[in-house]
Amino acid sequence: MSNLKKYLTQSGVTYPDNTALQVSGTSFTYKELQNLAAQFAGGLNRLQITSGSKIALWLPKSAEAYISIFGSVEQGSAFIPIDLSTPAARVNYILNDAGAEVLICRTCDYRKLNESKLHSIDLVILVGEKGENSVYPACAYLHWDDFMGAEASDGSEKRNASGAVSRQFDKEGIAYIFYTSGSTGLPKGAAISHRAACAFIDWAVDCTDLSSADRVANQASLSFDLSTFDIFATLSAGATLVAIPDWPISSGYPFARYIEEQGISVWYSVPTVLNLISESQRKSPFNLDCLRVVIFAGEVFGKTDLVNFQRHVKSARLYNWYGATEINSCISHLVTADDLASKQSLPMGMACPFAKIKLVFDTDSDVGELFVAGESLMSGYVRNGRIRKNSFVAGLDEEDLYYATGDLVQEKNGLLRYHSRRDQMIKRNGYRIELGEIENNLLDHSGVEEVACVYVDKAVVVFAVPYASCRNLRESKLRLRLVEKLPPYMRPDKIFIVDKLPKSVRGKVDRRKLKAIYRDRLEQPISVKLSEQESTGEVIA
């Protein structure tokens, strides 16, 4: 059965008294979690929220968040996790674009939304304090305790739970939708089916030899695709999922301490977090010998940084996983002693058994763009509540549709190695950022005529040209705009107001020159005057 529901169901029978989840100081056994998931699903059914609906979760890591995920899967609806730091305007867009019927969020966060624009929401479930009536949703709503505590009175739970009534969206068997940065200026939702999710999870459990004795950390945000391994691979093995608090990624100290205190045996995160742990170990070392498996993905792990980290976890197996939200991890490499000793960059590895890859080369080049296909591929992007399949590439072989990753890759001795990107998409702290989305949001500002965004020396840098009538445009005004539109991880590190952008002879923005300008700016903290030949003016702080 290719359905995420099977993992909790099977482990609930095999390991009923094992601890399934630890979150915010509370533990749940598999039997308890299974009952809570059924209770949640029953609540949806009683309220005529049929299977195949879309359940949006705008919550921190909490018991309510995990129960909502498991309950949505149990009931046969798709869950849409939204990071708590996401601006309200962006949440509004995601809810409408996905066509979400249910929103579960904290009472204090619901107040931030523009209720008049929540066109698809049939039910709001509020978590937290009960405020004044004036802040309650205009549509149907319940508080979490009331929703979970309601009793069935007419047998509707049993009748609807069969899935006889199902929304059109469920024809694809969608398990969840992850929204990522989009180059058009708007986020896009990748719809992942149960079949696709299970293909990855079943392989991942075997790859890492997960067992009921493991304690698996969930460090990634619930809206980040790394969390699917943490949650569902753990359930599959009957292991314990330990929710890491939503700490800012600024210090490795709390993570290292938590690993030791909680006896974490399996850890999956972006290399940025592992670098922070490595740095903190030099100052305040903790015993990390409990780690059996460490997996990293989402961005390149520099060789020097990897070697430094490995010194603190010498008994752990290290895996480099590569993938995209649209197909999850589909390439894997077990780090060897030879890798650590080599002067070469770490290989991406080889395709997982459920995945197919193709490299498409330009003329006379050994570097090709990576295209991926296989069982774990998304069903498509959601747009206005429907799944669109126009983002796939056909014709690379006789039967499969492929996803173009945009990554340029080399193959040497049977191993794939990352080279660079074809487009303006970057990854920072594991998050995918389309620089074009930042540009388009700034172009919507009435004072901005032109804008260009570059990624240089691990910094996202914006150069904005104001209209002649808005020469007094300030950086603070643009930052305020982005705070309203973009989550923190997408906001630029630097914004420069300039008279012109440097252009090539063909009239395109010269992004290489912009990177050079930025580096010059760092070396010359006072205003930098650029020559007329560079087709730009003064950079203003």
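Residues numbered from 1 in each chain as written. Predicted model: local features only at pLDDT ≥ 70, side-chain atom pairs only at ≥ 80, totals over all residues. Heavy atoms only, no water.

Caption draft 1: Seen up close, the nonpolar core. Counting 115 residues, the largest nonpolar core has Phe70, Ile104, Phe229, Phe232, Trp267, Ile277 and Trp321 as its most contacted members. For this core, the element with the highest residue contribution is helix 8 (residues 194–208), accounting for 10 residues. Excluding residues that lie within four positions of it along the chain, Phe232 makes contacts with Leu4, Tyr7, Ile69, Phe70, Val73, Phe79 and Ile201. By size, the runner-up hydrophobic cluster in this structure holds 25 residues, among which are Ile82, Ile94, Tyr110 and Val124. (Core = buried A, V, L, I, M, F, W, Y, C linked by side-chain atoms within 4.5 Å. Buried < 20%, exposed > 50% of the residue type's maximum accessible area, 1.4 Å probe, protein only. Helix = DSSP H or I, 4+ residues; strand = E, 2+ residues; numbered from the N terminus. Contact = heavy atoms within 4.5 Å.)

Caption draft 2: Fine view of the layout of surface pockets. Computed from the structure, the second largest pocket encloses a volume of approximately 610 Å³. Within the lining of the second largest pocket, the residues separate by chemical class into 21 nonpolar, 6 polar and 4 charged. (1 Å grid on protein atoms, 1.4 Å probe; cavity = no way out; pocket = protein on both sides within 12 Å on 5 of 7 lines; lining within 4 Å. Points joined across faces, edges and corners; volume = space filled by probe spheres on them. Nonpolar A, V, L, I, M, F, W, Y, C, P; charged D, E, K, R; others polar.)

Caption draft 3: Expanded view of the sheet that holds strand 26 (residues 459–466). Judged by pairing direction, the sheet is mixed, and its 3 strands sit side by side in the order 25-26-27 without closing on themselves. Of all strands in the sheet, those with a lone pairing partner are strand 25 (448–456) and strand 27 (494–497), marking the two edges. Averaged over all adjacent pairs, the angle separating strand axes in this sheet is 20°, with direction ignored. Sheet topology places strand 26 next to strand 27; 4 bridges connect them, and they run parallel. Its bridge partner lying in strand 27, Val461 is registered against Lys494. In the packing of helix 14 (residues 435–443) onto the sheet, the strands contacted are strand 25 and strand 26, and the crossing angle to strand 25 comes to about 155°. (Pairing = 2+ DSSP bridges. Axes fitted to C-alpha atoms, helices over the stretch in contact; angles between N-to-C directions.)

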